[in-house]
Amino acid sequence: MGLLFAVLLTKVTFYFFFFFFIQIMTSLFEVYWKFLGLPLSLIKGTIVDVIPFCLTEIVLWIGLLSCVLLLLKHLPIFKKDSQRVHPTKTSLFRINTILLIVCGPVLLFVLISGQGAIPFGPQPTLNRKSLNKNWAPDSLSEKQFEQYVRWFEQKLHQEFNETDYLNLSEDLVLKNCNHTLDSLLVAYGLPKGRTLKRIKPLFGLTRLLGLSYGGPAFHDPLLSEVAMVRKSDLPTPNYWRLHAICHETAHAKGFTREMDTEILTQLALLTNQDKRLHLLGYILFLQKSGKSFSWPEFLEKERTQKALERRDTKKRQPFVRLLTHINKKLSIQNSGEKYGTRKKHDKWKSDHPFFTSVIKKLPCQPDSIFSASIEEQKEMP
Ligand SMILES: [Zn+2]
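If you're wondering where the values come from, they're calculated on a predicted model, not measured in any experiment.

What counts and what doesn't
- Residues numbered from 1 in each chain as written.
- Predicted model: local features only at pLDDT ≥ 70, side-chain atom pairs only at ≥ 80, totals over all residues.
- Helix = DSSP H or I, 4+ residues; strand = E, 2+ residues; numbered from the N terminus.
- Buried ≥ 20, exposed ≤ 12 C-beta atoms within 10 Å, placed from the backbone.
- pLDDT = per-residue confidence, 0-100.
- Contact = placed C-beta atoms within 7 Å.
- Expected span 1.5 Å × (residues − 1).
- Axes fitted to C-alpha atoms, helices over the stretch in contact; angles between N-to-C directions.
- Left-handed = near helix turned anticlockwise from the far one by under 90°.
- Nonpolar A, V, L, I, M, F, W, Y, C, P; charged D, E, K, R; others polar.

Visitor: Any chance you could explain unusual backbone geometry here in plain terms?
Guide: Negative phi is the rule for most residues except glycine; trans is the rule for most peptide bonds. One non-glycine residue, Ser224, adopts positive backbone phi at about 60°. Among the structural elements, Ser224 can be located in the loop between β2 (217-220) and β3 (225-228). Judged by local crowding, Ser224 falls into the buried class, with 24 C-beta atoms found within 10 Å. Located in the positive-phi region is Ser331, a residue other than glycine, with phi close to 55°. Among the secondary structure elements, Ser331 is positioned in the loop between α14 (318-329) and α15 (353-361). According to the C-beta neighbour criterion, Ser331 is exposed, with 7 such atoms within 10 Å.

Visitor: Mind showing me how you'd approach the environment of Asn238 here?
Guide: Secondary-structure assignment places Asn238 in helix α10 (residues 238-252). When the C-alpha atoms of Asn238 and Glu302 are compared, they prove to be 8.4 Å apart, with 64 residues separating the residues in sequence.

Visitor: What is the right way to read the confidence of the model for the protein chain from this model?
Guide: Fine structural detail should not be taken from predicted coordinates in areas where pLDDT scores are low. Averaged over all residues, the pLDDT of the protein chain is 85; the fraction at 70 or higher stands at 81%. Counting interchain partners and residues more than four positions distant, the pLDDT-below-50 stretch residues 371-381 has 9 contacts.

Visitor: What's the story with helix α11 (residues 258-270) in this structure? I'm lost.
Guide: Three or four residues apart is the spacing at which side chains of an α-helix point the same way, because the helix has 3.6 residues per turn. A rise of 1.5 Å per residue sets the reference length of α11, with its 13 residues, at 18 Å; its end C-alpha atoms lie 18 Å apart and thus fit the reference within 8%. Within α11, 12 of the 13 residues are buried, leaving the element largely enclosed by the surrounding structure. Taken as a whole, α11 has its buried residues at Glu258, Asp260, Thr261, Glu262, Ile263, Leu264, Thr265, Gln266, Leu267, Ala268, Leu269 and Leu270. Packing partners of the buried residues in α11 comprise α5 (131-134), α8 (170-187), α10, α12 (278-289) and α15.

Visitor: I keep staring at the packing of α11 against α15 and nothing clicks. Help me out?
Guide: For any two helices packed against each other, the geometry comes down to the angle between their axes and how far apart the axes lie. One can describe the packing of α11 onto α15 by two numbers: an axis separation of 10 Å at closest approach and a directional angle of 35°. Once α11 is placed against α15, the crossing between them reads as right-handed. Between α11, through Met259, Glu262, Ile263, Gln266 and Leu267, and α15, the contact on the second element is made entirely by Pro353, Phe354, Ser357, Val358 and Lys361. Per-class residue counts for the contact of α11 with α15 are 6 nonpolar, 2 polar and 2 charged.

In C-alpha cells, the structure reads:
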C-alpha cells in the first residue's frame, strides 16, 4: 500500500513539474524568440542561403564519423594501441573524447530530434504556443465543412487555367509565400520570420532518409536550412513541389510543429496577393479534406503521368525501396495526421485543429459564403 502511494506520488509530482516546465518554456518563448531565436535564425539564414549545397548532409556525416571514431577509440584493442603511441597525452585524449561525444551522439541527437518529427525535441521553437490553441477554434459542423469543400472545388474549376498554373514557378511561390507569411504573422501579432532565399537539392544520406521516410523536403532548425528532393528523384505534379516550398518557408519563419506550419501554409496560399496562388490553396484544402472531389482535366492528366514516372523512378532506386520497406515494418513512416490531413473514413471532429483554425482566419465565414451570389464569391477569399 505504502509502495503504491509512493509510486502514485512520484507520478503526480513528475506530471506536475513536467506541466510546469512546459508552461514556463511556453511563456518564456516570446522573449527568447524576440531577443535570441529570431536574430540567430536571421544570421544563420543569411549564411546558409549563400552556400549552394546541403550543409545538413555534411553535419550528418560529421556526426556519424565522430560516433565511429568514438567507438574505435574506446574499443579495448584500439585503446591499447593509441595509448602505446601517445603514452603522455592522456589529457588530450580526454578533450578528444568530449569533442567526439559533442560532435557525435550529441550532434546527431540534436540534428535528428530537431526536425519536429518527434515531440519534445530540444529545439526551442517546439515551445511556441500552438496557433490553434492561441486562436481558440470555434466548433465546426461536418455540414459547414462540407460546404467549404464544395465551395473550394467550385473555385478550383472556375479559376483553373493551364497557363496560370504552368507559370507558377518555384521562385515565384518562394517570393510570394515569404511576403504573405510575414504579413499574416504581423496581422496575428507575431514577429516576421527570416526570408528564405534558397531551397537546396537533397543528396546522399538525407536524400535516402527523406525519400524512404516520406518527408522529401525539410527545414533544419539547427542550421536554419531548407532542402528538397530533386524532380528527377521524385516526379510529382507541380502543385506538390509548390506546396512543399510554401510549407518549408513557413518552417523557416520559426514554426516547427507541422500543424502550425500547415495552417500558415494554407492561409498564405488562400490569401496570397498573387491570385494565381489561390489555386494551390484550393488544391491543398481539398486534398486534406478526406472528401471526394473532382480535379480539373489538366491536373488529372498531370497526376496520372507523374504517378507513372514515379513508379518507373522507384524501380531504379533499390536502396530507397529497401529502406522504405524497413521503415514500414518498423512503423517509422511519415503520417498525414500531424499535418491535419483527414483520411476518407475518418470520423468528423468538430474541433479539428487544422480546419477550424484555417476557417476561423479566412477573410470570409460560412454564412457570408453561402448567402453570397456567385459573382460576389469570385472576390473571396
Ligand atoms: Zn514540415
